[in-house]
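# Structural overview
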Amino acid sequence: MSSPHIRESSPVMENENPKSRFTYKHLCQLASFSPSSPLRVIAHIDLDAFYAQCEMVRLNIPENQPLAVQQWQSLIAVNYPAREFGVSRHCTVADAKKLCPYLVTQHVATWREGDDKWAYRKDAAANIASDKVSLDPYRLQSRKILQLIKESLPSHLQRVEKASIDEVFCDLSAQVHSILLERFPELTRPPPHGDLAERLPRPPVVALDWMADALVDLDEDAESQDPDWDDVAILIGSEIIRAVRTRIREKLRYTCSAGIANNKLLSKLGSAHKKPNQQTVIRSRAIQHFLSDLKITKIRNFGGKLGDNVTSAFGVETVRELLPTTLDQMKSKLGDETGTWVYSTIRGVDHSEVSSRTQIKSMLSAKSFRPAIRTVEQATPWLRIFAADISARLDEEDSRRRPKTMNLHHRHGGQTKSRQAAIPQGKALDAQLLFDLARTLLNQILSEGNVWPCMNLSLSVGSFEDSGVGNMGISGFLLKGEEAQALKSGAKDPGSPVVSDRPAAKRRRLDGAGQGGTGGIHRFLVKQSTTNDKSMSLAADNTKGHEDEDSDSGLHKGSEWQSEAGDAPSESLKCSRCGASFDCPEGFQSHQDWHLAKDLQDEERGQATAAAHPPPSARPKRPNGPTSSSKNGGRGGKIEHGQQKLTFGGS
Ligand code: DCP
Ligand code: CA
């Protein structure tokens, strides 16, 4: 029996190669999503020009109209028609309009002091001092898309992991297993002698119809081989994903690209291979061919210091150049673990699991001030907004999950002071409670003196009750040393605030801004916000749309402080990692945020691999090893619960 897409173009020669390379055990493993099955099928779906598409759908703009999403004077998303004119994310609005005079530039929605809801405002770009970016519209769309993906797959056979605001991994293995048994009844027979190590019969096909999906060419030595079950499995995965993408297109009007392969590493590379609106299939026999020409720094976890270390240690740029390096050579230059990990990764090996775990581990709301704020009256309304923001998200969480600790970070000059407190248990966890606690923490920090001007305030809650060991969450892993320790033991040690005065340049920044908001914020702000100081200066919003799973953490690269938004002369705003230049500090800051979010995302994906091959970036320092590491812990996360009650489109 064959599927409509599998042709029996000629009979398989019985004696030639009667057995598959795969065993009954491999097939069984497929049903249980086992990462050790060589037949597993993983897809990565990535929305094309996501924020730009959100605006096009919202405003009903024709698909061929060039459009970019603007944040202050920077562009943060550019649709594909605009890219044809050379418009890119690194352009300023003015430069982009020179390249493409008919470019539509839609500013992101913003919160504004005194208003109780975010809105799309014509004058937002001119109001960087009083507005705060809201990414709620994009989170809401992201939720809808994720929901639709889940609905499109059989509930008992799916594993779907939200990897960022516009990326999703799907482990299709169990579904593919079930389809395989349906289409090929010979697979339902027990193995000869009941031995699972027996090899399967070969598939009764010699040619597969890939339905015009981008298909990576086979490795040279694999071209003559007939398809085996891994090819059939991946073809079925490709059919499933094509149907999912069509559904997203038809129901929600979004295009996305996808990669289908036998692991997350490859599927993610696959989705980026051909864009927009395409899907790329990387069969196992095509992996070598696919990876060879790739730049090492394009591979997950190789974007930062690790990539730099590897390329400089071996004087190479592409995977092909690195392949002849022996395992021993890698180990001697990079250390045993890192060497082993790099060795297998460049060969496309990745056993990490697709995790549908969706628990938030921390929530963070923050704001950077340009110009800096100078009084407690200016700071207090922001604590109120943070508290309301976090509270609204908590409301959407499983009520049994409750954070145990709160942290407030305050940045003044080159120093960040942090205080932590246990959140009182047994009381309603509402905005008022969070605000009161935050204010107490602020007062503790202020009582030390020498705290103004303040460049950034950041409030976070963490240590959710049922998070286990190693589940410390983003705050925990951004903080180090005594702070992280305190966060871990926060509940045991209530009322022992932690102060950290380490120079900011040596810290990882925690200044992000989560937005969100429901009636909770509304009520809280309307009722309480009487201290609005009209002179309050709010400025460069450090939040970017790099939403992580918890959607609450605005995460920022903290290793280099010299180009901090608002402080550095514009000519110095050059990204040390990718060379992109910026003519405004906010654009630069956004870009740094993006790098960090991507790093975290990449590292997070590497976490699951860690059991078998710990990604080097998650390990402590080692000679020659990556140094941008020690970020740890995951970002599980319920998806944008805080946005559920918002109406898309704003007021
Ligand atoms: N984003 C941002 N700032 C950045 C990078 C991204 O705000 N520096 C936001 C806007 C993007 C969204 O995140 O629309 C998703 O980022 P991607 O890197 O996936 O880029 P796009 O979806 O825009 O484009 P592509 O089609 O290349 O995936
Ligand atoms: Ca995208």
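Notes on the structure in this doc start here. Quick caveat: nothing in here was measured; it's all calculated off a predicted structure. (Residues numbered from 1 in each chain as written. Chains lettered and ligands numbered in written order. Predicted model: local features only at pLDDT ≥ 70, side-chain atom pairs only at ≥ 80, totals over all residues. Heavy atoms only, no water.)

What follows is about the coordination of the calcium ion (ligand 2). For a metal bound by four donors in tetrahedral geometry, the ideal donor-metal-donor angle is 109.5 degrees, whereas six donors in octahedral geometry ideally sit at 90 or 180 degrees. Distances from the calcium ion (ligand 2) to its protein donors, Asp46 (OD), Leu47 (O) and Asp166 (OD), fall within 2.2 to 2.3 Å. Given 6 donor atoms and angles of 73 to 171° at the metal, the environment of the calcium ion (ligand 2) is assigned as irregular. (Donors = N, O, S within 2.8 Å, 3.2 Å for Na, K, Ca; no water. Tetrahedral: all angles 85-135°; square planar, octahedral: opposite > 155°, others 65-115°.)

Evaluated as defined, the whole model comprises 8 aromatic pairs. Note on phenylalanine 50 and tyrosine 254: the rings are 6.1 Å apart at their centroids and 45° apart in plane angle, and the pair reads as tilted. Here the residue phenylalanine 50 occupies a position in helix 2 (residues 50–59), and tyrosine 254 occupies one in the loop between helix 7 (229–252) and strand 14 (256–261), the gap between them amounting to 204 residues. Pair check on accessibility: phenylalanine 50 and tyrosine 254 agree, each one buried. Seen in terms of ring centroids, tryptophan 382 and phenylalanine 386 are 6.0 Å apart; in terms of plane orientation they differ by 40°. Their pairing is tilted. Taken as a pair, tryptophan 382 and phenylalanine 386 lie in helix 14 (residues 376–396) at a separation of 4 residues, close to a single helical turn. Here the aromatic cluster, defined as three or more aromatic residues joined through ring pairs, consists of Phe50, Tyr51, Tyr138 and Tyr254. In this arrangement the basic side chain of arginine 83 is found over the ring face of tyrosine 80, its NZ or CZ atom lying 3.9 Å from the centre. If you follow arginine 347 out to its NZ or CZ, it ends over the ring of tyrosine 343, 3.7 Å from the centre. (Phe/Tyr/Trp six-rings, centres within 6.5 Å; stacked < 30°, edge-to-face > 60°. Helix = DSSP H or I, 4+ residues; strand = E, 2+ residues; numbered from the N terminus. Buried < 20%, exposed > 50% of the residue type's maximum accessible area, 1.4 Å probe, protein only. Lys NZ or Arg CZ within 6 Å of the ring centre and 35° of its normal.)

All right, on to the sheet that holds strand 4 (residues 67–71) then. Pairing within the open sheet is mixed, and its 3 strands lie in the order 5-4-6. The sheet is open, and its two borders are formed by strand 5 (74–78) and strand 6 (104–107), each paired with just one other strand. Strand-to-strand twist in this sheet, taken as the mean axis angle between neighbours without regard to direction, amounts to 35°. Relative to strand 5, strand 4 runs antiparallel, the two being bridged by 4 bridges. Paired with glutamine 70 across the bridge in strand 5 is leucine 75. Each of strand 4, strand 5 and strand 6 touches helix 2; the most contacted strand, strand 4, lies at about 110° to it. (Pairing = 2+ DSSP bridges. Axes fitted to C-alpha atoms, helices over the stretch in contact; angles between N-to-C directions. Contact = heavy atoms within 4.5 Å.)

Direction vectors running N to C along helix 12 (residues 327–334) and helix 13 (residues 336–345) enclose 135°, while the axes themselves pass 7 Å from each other. Classified by the interaxial angle, the pair formed by helix 12 and helix 13 is oblique. The crossing of helix 12 and helix 13 is right-handed. Across the interface between the two elements, Leu327, Met330, Lys331 and Leu334 of helix 12 pack against Asp336, Thr338, Gly339, Thr340, Val342 and Tyr343 of helix 13. In the contact of helix 12 with helix 13, the residues fall into 5 nonpolar, 3 polar and 2 charged. (Parallel < 35°, antiparallel > 145°, perpendicular 65-115°, else oblique. Left-handed = near helix turned anticlockwise from the far one by under 90°. Nonpolar A, V, L, I, M, F, W, Y, C, P; charged D, E, K, R; others polar.)

Now for the sheet that holds strand 16 (residues 363–373). Each strand in a sheet pairs with another by means of backbone hydrogen bonds, the pair being arranged parallel or else antiparallel. Strand order in this open sheet of 4 strands is 16-19-17-18, and the pairing throughout is antiparallel. Strands at the two margins of the open sheet, each flanked by one partner only, are strand 16 and strand 18 (415–422). Between one strand axis and the next, the sheet turns through 15° on average, direction left out of account. The sheet contact formed by strand 17 (residues 403–412) and strand 18 spans 8 bridges and is antiparallel. Paired with histidine 410 across the bridge in strand 18 is lysine 417. With respect to the sheet, helix 15 (residues 431–447) is in contact with strand 17, strand 18 and strand 19 (454–464), its orientation differing from that of strand 17 by roughly 40°.

Let us look at the pattern of salt bridges. On inspection of all chains with the given rule, the structure shows 19 salt bridges. Between aspartate 293 and arginine 320 there is a salt bridge; the shortest N-O distance is 2.3 Å. Of the two residues, aspartate 293 sits in the loop between helix 9 (287–292) and helix 10 (305–314) while arginine 320 sits in helix 11 (residues 319–322), which places them 27 residues apart along the sequence. Exposure remark for aspartate 293: the relative accessible area of 55% places this residue in the exposed category. A relative accessible area of 46% places arginine 320 in the partly exposed class. Among the ionic contacts, a cluster of salt bridges with common partners joins Arg21, Asp228 and Asp230. (Salt bridge = Lys/Arg side-chain N within 4 Å of Asp/Glu carboxyl O.)

What follows deals with helix 2. With 8 of 10 residues buried, helix 2 lies mostly within the body of the structure. The complete set of buried residues in helix 2 reads Phe50, Tyr51, Ala52, Gln53, Cys54, Glu55, Met56 and Val57. The positive-phi residue at the C-terminal boundary of helix 2 is asparagine 60, with phi of around 55°.

What follows deals with unusual backbone geometry. The step from lysine 275 to proline 276 runs through a cis peptide bond, and the omega angle for that step is -10°. The omega angle of the peptide bond from tryptophan 452 to proline 453 is -5°, so this bond is cis rather than trans. Phi at tryptophan 72 takes a positive value of approximately 55°, unusual for a residue other than glycine. Note that tryptophan 72 resides in the loop between strand 4 and strand 5. Note on tryptophan 72: relative accessible area 2%, which makes it buried. Even without a glycine there, the phi angle at histidine 193 is positive, about 60°. On the secondary structure map, histidine 193 appears in the loop between helix 6 (173–183) and strand 11 (199–201).

Further remarks concern the nonpolar core. Residues Tyr138, Ile149 and Leu180 are the most contacted members of the largest nonpolar core, which totals 65 residues. A per-element tally of this core places helix 7 first, with 11 residues. Leave out the neighbours within four places in its chain, and tyrosine 138 touches Phe50, Tyr51, Cys54, Glu55, Val69, Val108, Tyr120 and Ile165. (Core = buried A, V, L, I, M, F, W, Y, C linked by side-chain atoms within 4.5 Å.)

Further remarks concern the pairing of strand 4. Judged by how many residues are buried, strand 4 sits mostly within the fold: 5 of 5 residues are covered. Neither face of strand 4 is exposed, since Leu67, Val69 and Gln71 on one face and Ala68 and Gln70 on the opposite face are all buried. Pairing of strand 4 with strand 6, which is carried by 4 bridges, proceeds in the parallel orientation. In the strand pairing of strand 6, leucine 67 is matched with valine 104. Hairpin connection, strand 4 to strand 5: the antiparallel pair is bridged by 2 residues, and tryptophan 72 has positive phi, about 55°.

What follows is about the pairing of strand 16. In terms of residue burial, strand 16 counts as a mostly covered element, since 10 of its 11 residues are buried. Sheet topology places strand 16 next to strand 19; 7 bridges connect them, and they run antiparallel. The residue bridging leucine 364 from the neighbouring strand is serine 460, located in strand 19.

Following the sequence through the fold, aspartate 166 ends up in the loop between strand 9 (159–164) and strand 10 (167–171). In contact with aspartate 166, not counting residues within four places along its chain, are Ile45, Asp46, Leu47 and Phe50.

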